[in-house]
Amino acid sequence: MKTVIISNRLPVKIIEENDEYTFIPSEGGLATGLGDVYKSGNSIWIGWPGIEVPEERQEEVTQKLAELNLYPVFLTQNEINLYYEGFSNEVLWPVFHYVVTYAHFEQTYWDCYKSVNEKFAKSAMQVLQRRDKIWIQDYQLLLLPGILRAKLPNATIGFFQHIPFPSYEIFRLIPWREEILNGLTGADLIGFHTYDDVRHFISTATRLLPVNSSSNVLNSNERQIVVEAFPMGIDYDKFSDLTQTEEVKKEIDYFRTGKEDMKVILSIDRLDYSKGILERLKALELLLQLHPEYIGKIELFMIVVPSRDTVPQYSDLRDQIDQFVGNLNARYRSINWIPVNYFYRSFPIEVLSSLYATADICLVTPMRDGMNLVSKEYVASRNNNDGVLILSEMAGASKELTDAVIVNPNNLGDIMEAIVTALKMPLEEQEQRMTAMRATVEKFNVKHWVNNFILRLNEVKDSQKSLLTK
Ligand code: G6P
């Protein structure tokens, strides 16, 4: 009996260079969060390897991935355009992050989303054995639980959504809302990061489907579906230990040299309009305007990891960030200082670790975020218990990391004040807050998250069976 994880993206993606394929780790919370876990257990992971692979090379890729316990679902360029970029990232992503005006409700997107979810089901049927547990991940595969349930009525199916679930008033705007809910409710256990997401989902399902709820259980004619919050954690030990390695220590020294008197503010995100990157830059601009005493004394290190840049809203955002940073730096810089060190690229984990360990402040201000693992990675990297986390109240992580300086990301003055508070925060208070947050991140780590979900899935299934035999 194994656990079969199914997500849109595999935890590795293919890079093609001179006709050679190499596999590198995928970006994003899901892949990094679950990446190490699947290797340690009896499991297989099904998903898309990140590029279009021509038919004649699919066998080669399948074999290479099999060595890593991975099983590919190949998508054509048309499917990538309509299912991934289209329905997933131009309908579900904006709506679930409350940016409804960005949504394009195209029928062709929806049709392709349905057929690609069927395609994932077909791949799953090739590797599934009786009594395997199925764990489906995220918004790209909302229909998959229902499709698999129809094929395997007794299967154990868990679903976890890594992004927020919006309130009913937002969700109801989607033209295909009932079909989506019917798909999701094929699962036995549905997990979200926060209790608010659970509440939104239950109220949406009971209004749109013929189901009723008692507490966090949905009752349909045939089945019961349990809906619960499982706040995702990170590999705490990995981040904490990394800062002690020779390689990272060297990076830290290199990074700190010449900056002894400089306060470093760090921001790391995937390129995304939900992350509040422009607003963060505007708050920094406000700070330099209203508190000129910090000119030459603070530096923002801003890493934006390229993502979805074939979707127009993402490439537009990238251009706006380029423009804003260029403008701000040109106005405020001096010969040997610039306010924003901006990088549009990804970095190896050792470099990220050294930045986490060095930065005096980590600025995490998404407009809406399911969880936000960067905030937890910063906390785990602070082995000296110093440093200040500024965290948006719209990130799921703010429900756990209550000792962060919490801000409303729409309120630029609020973010600016939070930066000033962080810059002035006495070491003792930093230590008090950081120690409390580290304890939370250490305890509720990613292993805890996986074990907890799987344990609950087993319990839910067992209780269903005992109901049937009564
Ligand atoms: C978020 C989503 C993941 C997604 C990741 C990266 O974390 O919850 O499902 O994989 O972003 O986005 P991408 O579109 O590159 O897979």
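For the structure, see preceding data.
Source: prediction; values computed, not measured.

Asker: Give a description of the overall build of the protein chain that names residues and reports values.
Answerer: Counting its secondary structure elements, the protein chain contains 17 helices and 17 strands. Expressed along its principal axes, the backbone C-alpha trace of the protein chain runs to roughly 70 × 55 × 45 Å. Across the 470 residues in the protein chain, those meeting the buried criterion constitute 57%. Split by element, the accessible area of the protein chain, about 20,000 Å² in all, is 49% carbon and sulfur.

Asker: Describe the site of the ligand, and please don't skip the residues or the numbers.
Answerer: Lining the immediate environment of the ligand, one finds 11 residues, of which Arg 9, Tyr 84, Asp 138, Gln 140 and Arg 308 sit closest. For the ligand, an oxygen atom lies 2.7 Å from a polar atom in the side chain of Arg 308. Protein contacts shield 90% of the accessible area of the ligand, which totals 380 Å² for the unbound molecule. Its residues placed into classes, the shell around the ligand shows four nonpolar, three polar and four charged.

Asker: Quick rundown of the pairing of strand E1 (residues 3–9)? Include the residues and the values.
Answerer: Burial of E1 is extensive: six of the seven residues sit out of reach of the surface. Here E1 runs beside strand E6 (residues 133–137); their pairing, made up of five bridges, is parallel. Note on E6: the bridge partner recorded for Ile 6 is Ile 136. Where E1 meets strand E4 (residues 43–48), five bridges bridge the pair, whose relative direction is parallel. The partner of Val 4 across the bridge, within E4, is Ile 44.

Asker: Describe helix H14 (residues 374–381), listing the residues and the values that go with them.
Answerer: Counted residue by residue, H14 has eight buried out of eight residues, so it is predominantly covered. Within H14, the full set of buried residues consists of Val 374, Ser 375, Lys 376, Glu 377, Tyr 378, Val 379, Ala 380 and Ser 381. On the buried face of H14, the contacting elements are helix H9 (236–242), strand E12 (263–270), helix H13 (349–358), strand E15 (361–364), strand E16 (388–392) and helix H16 (427–443).

Asker: Kindly report on the pattern of salt bridges, identifying the contributing residues and their values.
Answerer: Here the idea is simple: oppositely charged side chains can pair when their charged atoms come close. Throughout the structure, instances matching the rule amount to 25 salt bridges. One salt bridge connects Glu 60 with Lys 64, and the closest N-O pair in it is separated by 3.7 Å. Here Glu 60 pairs with Lys 64, and both are found in helix H2 (residues 58–66), just four residues apart, close to one helical turn. Owing to a relative accessible area of 33%, Lys 64 belongs among the partly exposed residues under this scheme. Close ionic contact of Glu 429 with Arg 433 constitutes a salt bridge, the shortest N to O distance being 2.9 Å. Within this pair, Glu 429 and its partner Arg 433 are both found in helix H16, separated by four residues, close to a single helical turn. Note on Glu 429: relative accessible area 29%, which makes it partly exposed. Judged by relative accessible area, Arg 433 falls into the partly exposed class, the value being 22%. A cluster of three or more residues bridged by salt bridges with shared partners is formed by Asp 19, Arg 57, Glu 60 and Lys 64.

Cut-offs used in this document
- Residues numbered from 1 in each chain as written.
- Predicted model: local features only at pLDDT ≥ 70, side-chain atom pairs only at ≥ 80, totals over all residues.
- Heavy atoms only, no water.
- Helix = DSSP H or I, 4+ residues; strand = E, 2+ residues; numbered from the N terminus.
- Buried < 20%, exposed > 50% of the residue type's maximum accessible area, 1.4 Å probe, protein only.
- Areas by Shrake-Rupley, 256 points an atom, 1.4 Å probe, with all protein chains shown as cover.
- Near = heavy atom within 4 Å.
- Polar contact = N/O pair within 3.5 Å; in protein donor to acceptor, adjacent residues only side chain to side chain.
- Nonpolar A, V, L, I, M, F, W, Y, C, P; charged D, E, K, R; others polar.
- Pairing = 2+ DSSP bridges.
- Contact = heavy atoms within 4.5 Å.
- Salt bridge = Lys/Arg side-chain N within 4 Å of Asp/Glu carboxyl O.

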